[in-house]
Amino acid sequence: MRPPALYNVIAAVSWPILHGVYRLEARGTENLPDGGFVLACNHLSSFDPWPLGLPLWPRTWLRFMAKSELYWFPMKLVVDGAGAFPVKRGQRDVVAIETATRLARGGNVIAMFPEGTRRKKGLVKRFEARPRTGAARIALEAGVPLVPAAVGGTDRLLRLGKLRIAYGRPIELDDLRGLDPHEAAQLATDRLMERIYELEASL
C-alpha cells in the first residue's frame, strides 16, 4: 500500500532535517507486525508525528486522526492529501472510530496519541492530556495489534538535541476479547499506557 504523493513529499523533505539536524535515533522497529495495526504514542508536541512515522517510511506509512479544526480551506487539502481523516475532539466521535477501524482492517497503520492532546502548551489548554480508550477500542474492534511507542526530545526542539523514538511489542489483547467492550477497552488502555510510559522512561 503506497503512501499518497504529499506524504512522500513531506517525508522526503523531513528526512535530512530529522536525521541531520536532530540526529533521529529509532529502536524497536523489529517489534512492528505486518499488516494493519494501531500505533499509539505519547504526545509531547505538535512535531511528534514526524519522528513517529519517518523511521518506517517508505515501507510503511501512517494514517493519522486530524482534529476537525484543521479542516478548513486550503488546509483541508493538505490534511486529506497526507492521508489523514478528521476526528472531533472532546466528544465520542463514532464516525472517526468506524473509519479508523475500517482502515486498520484493510491493512493500514493507524497512528494515535491516547493522551488526546499535548501535555504542555504555551496557551491555555482547552483539553487536558489524559489517557483515552480510542486506540484500544479500534484495535479490539478491528481485531488488529495494539502497538505502543514513545518519542523523546520533541518538546525541546530549539535546543537541537537528539530525537528518539522507541517502538514496543504489541500489547496482549487476546484475554480481553470476550469481555464487555468498555471494560476491555479500559483494561487494554491501562496496559498500553503503562508500556508507553516505560518506553518513554527508557529514552
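Above this note sits the structure.
Residues numbered from 1 in each chain as written. Predicted model: local features only at pLDDT ≥ 70, side-chain atom pairs only at ≥ 80, totals over all residues. Heavy atoms only, no water.

**Q** Can you walk me through the pairing of strand β2 (residues 37–41) in this structure?
**A** Two faces make up the sheet, and in a regular strand the side chains alternate between them. Of all 5 residues in β2, 5 are buried, a share of seventy percent or more. Alternating residues of β2 divide into Phe37, Leu39 and Cys41 and Val38 and Ala40, and every residue in both groups is buried. Pairing between β2 and strand β5 (residues 109–112): 4 bridges, direction parallel. Looking at the pairing, Ala40 lines up with Met112 of β5. Note that β2 and strand β6 (residues 146–152) share 4 bridges and pair parallel. (Buried < 20%, exposed > 50% of the residue type's maximum accessible area, 1.4 Å probe, protein only. Helix = DSSP H or I, 4+ residues; strand = E, 2+ residues; numbered from the N terminus. Pairing = 2+ DSSP bridges.)

**Q** Even after reading the chapter, I still don't get the environment of Asp48, so can you show me in this structure?
**A** Among the secondary structure elements, Asp48 is positioned in the loop between β2 and α2 (49–53). In this structure Asp48 comes out as buried when scored by relative accessible area, which is 0%. C-alpha separation for the pair Asp48 and Ala150, spaced 102 residues apart in sequence, amounts to 9.4 Å. In this structure Asp48 touches Asn42, His43, Phe113, Val151 and Thr154, once residues within four positions along its chain are discounted. (Contact = heavy atoms within 4.5 Å.)

**Q** When you look at the nonpolar core in this model, what are you seeing that I'm missing?
**A** A general feature of soluble globular proteins is that nonpolar side chains tend to end up buried together. Core analysis: the largest hydrophobic core is formed by 26 residues, its most contacted members being Val38, Ile110, Ala135, Leu146, Leu173 and Leu192. Mapped by element, the contributors of at least two residues to this core are β2, α4 (94–105), β5, α5 (134–142) and α6 (181–201). Setting aside its immediate chain neighbours within four residues, Leu173 contacts Ala139, Leu140, Val144, Leu146 and Ala188. Judged by nonpolar contacts, the second largest core, of 25 residues, contains Leu54, Trp61, Phe64 and Val151. (Core = buried A, V, L, I, M, F, W, Y, C linked by side-chain atoms within 4.5 Å.)

**Q** Help me out: how do you make sense of the layout of surface pockets in this one?
**A** There is about 280 Å³ of room inside the second largest pocket. The wall of the second largest pocket is formed by 14 residues, among which Gly35, Arg59, Thr60, Trp61 and Val109 lie closest to the centre. Partitioned by chemical class, the residues of the lining of the second largest pocket number 7 nonpolar, 5 polar and 2 charged. (1 Å grid on protein atoms, 1.4 Å probe; cavity = no way out; pocket = protein on both sides within 12 Å on 5 of 7 lines; lining within 4 Å. Points joined across faces, edges and corners; volume = space filled by probe spheres on them. Nonpolar A, V, L, I, M, F, W, Y, C, P; charged D, E, K, R; others polar.)

**Q** Which parts of the structure should I look at to understand the packing of α4 against α5?
**A** Axes are the key here: two packed helices are described by the angle between their axes and the distance separating the axes. Where α4 meets α5, the closest approach of the two axes is 9 Å, and the angle between their N-to-C directions is 50 degrees. Taken as axis vectors, α4 and α5 run oblique relative to one another. You can see that α4 and α5 cross each other, and the crossing is right-handed. In this structure, α4 contributes Ile97, Ala100, Thr101, Ala104 and Arg105 to the contact, and α5 contributes Gly134, Arg137, Ile138, Glu141 and Ala142. (Axes fitted to C-alpha atoms, helices over the stretch in contact; angles between N-to-C directions. Parallel < 35°, antiparallel > 145°, perpendicular 65-115°, else oblique. Left-handed = near helix turned anticlockwise from the far one by under 90°.)

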